[in-house]
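Analysis of the macromolecular model
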Amino acid sequence: MGILEKISEIEKEIARTQKNKATEYHLGLLKAKLAKYRSTLLEPAKKGGEKGEGFDVLKSGDARVALIGFPSVGKSTMLSTLTKTQSEAAAYEFTTLTCIPGVIEYKGANIQLLDLPGIIEGAAQGKGRGRQVIAVARTADLILMMCDATKGDLQKGLLEKELESVGIRLNRRKPNIYFKIKKGGGIAFNSTLTLTKVDEKLVQMILHEYKIFNAEVLFRDDCTADELIDVISGNRVYLPCLYVYNKIDQIPMEEVDRIARQPFSVVVSCNMELNLDYMLEKMWEYLSLIRVYTKKPGQPPDFDDCLILRRGCSVEHVCHTIHRTLAAVFKYAIVWGTSTKYSPQRVGISHIMNDEDVIQVIKK
């Protein structure tokens, strides 16, 4: 029996098992087995066949966004509309066969947008170059999931399921579980709050399934068995995702309104170029990018060229971005903007910067 057959057997078993107090240990074990088989599927084959082309795209710009969706939902049209790159778009499926990169210039930042081939059901098992597409998606900072608005919420559910099964978690925080494998001493289990979804016995059974008999486990959140399996596997990627519903010019206004009110969702029409500016705004917000302007002593700030950094960055990050030796000779900085109590303010190296702050660095 191959791995795919084993996976489908376990999935069927999970589907037909009732969920109650008596079966939770059995279900926990099945989920652990399923995760184990899926991770072996993700590992590349030892003997590589002929090398495919076009999927190894060099990461460039300030952030990377991957376009994922079923064939013919308008991914290539969006890439051609937002960037200077022209991706072939036609009325038949699988027009795009490789990964085509483009660059969006927005608020002074260069955001790399990747047009990936359409995913089909069963992509996680390698159907229709699905594995390569998903491998590229794992390296992105944000996933733009393109859905056809005329098909309702059907596509969103199917795509989420495909990405979940290969270890990509969308719009979710990393589980707050401390886990460390030790040399001996058995399993030390502890929690900082009352657990309602798992208990010590279930945790031990899951760890034994992974052949782990000596470990330290500390729950800081009320997490589920699935989240514990994610932490043990250690190869999960937690990415922000924006659901983009295209072709809104073909559905009634009430449906557009319903879709637009869903969380993490944006409605657009690439053909008629509707609502694309709002989508770029949301993309900027999800990427957590900020702009910082520099100022030389005795001169006005340079508003033409900005430094693009991540939200929550400190003055030290700004110094490293300007030059790697600057942090070593840093004395203090003068900052104008919303991150200060008054402008200008003299700050230290650990001061947190906000969007559109102006900084002047004074050296020793």
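In what follows, the structure referred to is the one given above.
Below is a short write-up of the structure. (Residues numbered from 1 in each chain as written. Predicted model: local features only at pLDDT ≥ 70, side-chain atom pairs only at ≥ 80, totals over all residues. Heavy atoms only, no water.)

Description of the pairing of strand 3 (residues 109–115)
Here is the rule we go by: For every residue, the accessible area obtained with a 1.4 Å probe (protein chains only) is divided by the maximum for its type, and the residue is called buried under 20%, exposed over 50%, and partly exposed between those limits. Runs of H or I in DSSP of at least four residues are treated as helices and runs of E of at least two as strands, each being numbered from the N terminus. Pairing between strands is defined by DSSP: at least two bridges between them are needed.
Buried residues dominate strand 3, accounting for six of its seven residues. As judged from the five bridges shared by strand 1 (residues 63–69) and strand 3, these two strands associate in the parallel manner. Directly across from Val65, in strand 3, lies its bridge partner Leu113. Of the pairings in the sheet, the one linking strand 2 (residues 100–106) to strand 3 comprises seven bridges and is antiparallel in character. Looking at the pairing, Val103 lines up with Gln112 of strand 3. The antiparallel hairpin formed by strand 2 and strand 3 contains two residues in its connecting segment, where Lys107 sits at a positive phi of about 50 degrees.

Description of the side chain of His351
To keep things clear, this is the line we draw: It only takes one pair of heavy atoms within 4.5 Å for two residues to be counted as in contact.
Along the chain, His351 falls in the loop between strand 15 (345–347) and strand 16 (357–363). Once residues within four sequence positions are removed from consideration, His351 is found in contact with Cys313, Ser314, Val315, Val335, Ser339 and Thr340.

Observations concerning the pattern of salt bridges
Our working rule: For this analysis, a salt bridge means a side-chain nitrogen from Lys or Arg found within 4 Å of a carboxyl oxygen belonging to Asp or Glu.
Taken as a whole, this structure holds 15 salt bridges when the rule is applied. Asp141 serves as the salt-bridge partner of Arg310, at 3.6 Å between the closest nitrogen and oxygen. In this pair, Arg310 is assigned in strand 13 (residues 306–310) and Asp141 in the loop between helix 4 (130–138) and strand 4 (142–148), connecting sequence segments 169 residues apart. Residue Arg310 is classed as partly exposed on the basis of its relative accessible area of 35%. Among the salt bridges present, the one from Arg169 reaches Asp230, with a minimum N-O distance of 2.8 Å. Residue Arg169 is located in strand 5 (residues 168–170), and its partner Asp230 is located in helix 7 (residues 225–233); the two are separated by 61 residues in the primary sequence.

Notes on the packing of aromatic side chains
The description of two aromatic rings rests on the distance between their centres and on the angle between their planes. What counts, and what does not: Classification of ring pairs rests on two measures: the distance between centres of Phe, Tyr or Trp rings, Trp counted by its six-membered ring, which must be within 6.5 Å, and the angle between planes, read as stacked under 30 degrees, edge-to-face over 60 and tilted in between. Counted as over-ring charges are cases with an Arg CZ or a Lys NZ within 6 Å of the ring centre that also lie within 35 degrees of the ring normal.
Scanning the entire structure with this criterion turns up four aromatic pairs. An angle of 85 degrees between the planes, with centres 6.3 Å apart, marks the rings of Phe264 and Tyr286 as edge-to-face. Linking Phe264 in the loop between helix 8 (253–260) and strand 11 (265–267) with Tyr286 in helix 9 (residues 276–287), this pair joins segments that are 22 residues apart in sequence. Here the basic side chain of Lys156 rests over the ring of Tyr243, its NZ or CZ set 4.5 Å away from the ring centre. Over the ring of Tyr332 we find Arg346, and its NZ or CZ is 3.7 Å from the ring centre.

A few points about helix 5 (residues 154–165)
Definition in use: A helix is expected to span 1.5 Å multiplied by its residue count minus one.
End to end, helix 5 covers 17 Å across 12 residues, agreeing with the expected 16 Å (1.5 Å per residue, within 8%). Where helix 5 is concerned, the buried positions are Gln155, Lys156, Leu159, Glu162, Leu163 and Ser165. Where helix 5 terminates, the next one or two residues include Gly167, which has phi positive at roughly 85 degrees.

Looking at the sheet that holds strand 15
Test applied: Simply put, an axis is a line fit to the C-alpha atoms, just over the touching stretch for a helix, and the angle between two N-to-C directions goes from 0 to 180 degrees.
If you trace the five strands from one edge of the open sheet to the other, you get 13-12-16-14-15, paired in mixed fashion. Of all the strands in the sheet, just strand 13 and strand 15 have a single pairing partner and so form its edges. Going from strand to strand, the sheet's axes swing by 35 degrees on average, the running direction of each strand aside. The strands touched by helix 9 are strand 12 (289–294) and strand 13; relative to strand 12, the strand with the most contacts, the crossing angle is about 85 degrees. Lying on the sheet, helix 10 (residues 315–322) is in contact with strand 12, strand 13, strand 14 (330–336), strand 15 and strand 16; it crosses strand 13 at an angle near 130 degrees.

A word on unusual backbone geometry
Outside of glycine, negative phi angles account for most residues, and trans bonds account for most peptide bonds. Following Ser343, the chain continues to Pro344 via a peptide bond in cis, the omega torsion being -5 degrees. Locating Pro344 in the fold gives a position in the loop between strand 14 and strand 15. With a phi angle near 65 degrees, Glu356 is a residue other than glycine that sits in the positive phi range. Mapped onto the elements, Glu356 comes out in the loop between strand 15 and strand 16. What makes Glu356 partly exposed here is its relative accessible area of 44%.

Observations regarding the packing of helix 6 (residues 200–209) against helix 7
Note the cut-off: Here is the rule for angles: anything less than 35 degrees is roughly parallel, anything more than 145 is roughly antiparallel, 65 through 115 is roughly perpendicular, and the remaining ranges are oblique. By the definition used in this description, the sense in which the near helix is turned from the far one sets the handedness, with an anticlockwise turn below a right angle giving left-handed and a clockwise turn giving right-handed.
Contact geometry for helix 6 and helix 7: axes closest at 11 Å, N-to-C directions at 40 degrees. As summarised for this structure, helix 6 and helix 7 are arranged oblique, according to the angle between their axes. In this structure, the crossing between helix 6 and helix 7 has a hand that is right-handed. Where helix 6 abuts helix 7, its residues Leu202, Val203, Ile206 and Leu207 lie against Ala225, Leu228, Ile229 and Ile232.

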